[in-house]
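Chains, contacts and geometry: an overview
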Amino acid sequence: MKGYKIHKKSRAVRFLTFCATTVLIAAFLYGAYVFGEFAMAMYVVLSEVL
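A short tour of the structure in this document, coming up. (Residues numbered from 1 in each chain as written. Predicted model: local features only at pLDDT ≥ 70, side-chain atom pairs only at ≥ 80, totals over all residues. Heavy atoms only, no water.)

When its secondary structure is counted, the protein chain shows one helix and zero strands. For the protein chain, the proportion of its 50 residues judged to be buried stands at 0%. (Helix = DSSP H or I, 4+ residues; strand = E, 2+ residues; numbered from the N terminus. Buried < 20%, exposed > 50% of the residue type's maximum accessible area, 1.4 Å probe, protein only.)

What follows deals with a nonpolar patch on the surface. Where nonpolar side chains cluster on the molecular surface, the patch consists of V45, L46, V49 and L50 and spans about 450 Å² of accessible area. Within the fold, V49 resides in helix α1 (residues 2–49). Relative accessible area serves as the criterion here: at 64%, V49 is assigned to the exposed category. (Patch = residues over 30% accessible without salt bridge, like charges linked within 9 Å, V, L, I, M, F, W, Y side chains within 5 Å. Areas by Shrake-Rupley, 256 points an atom, 1.4 Å probe, with all protein chains shown as cover. Salt bridge = Lys/Arg side-chain N within 4 Å of Asp/Glu carboxyl O.)

Function cannot be read off these values alone, since they describe shape.
Right, dumping it as structure tokens:
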């Protein structure tokens, strides 16, 4: 019973780690997308000015 309890806890920890990793990856991809859009807009503005 004790071993089962520990296993259940480790499963919960693994699930939380998986969720945190997914959120971090999603945030990174979203940030990269926003940065790409911003860089593109700056490039267009600079090409119009120059």
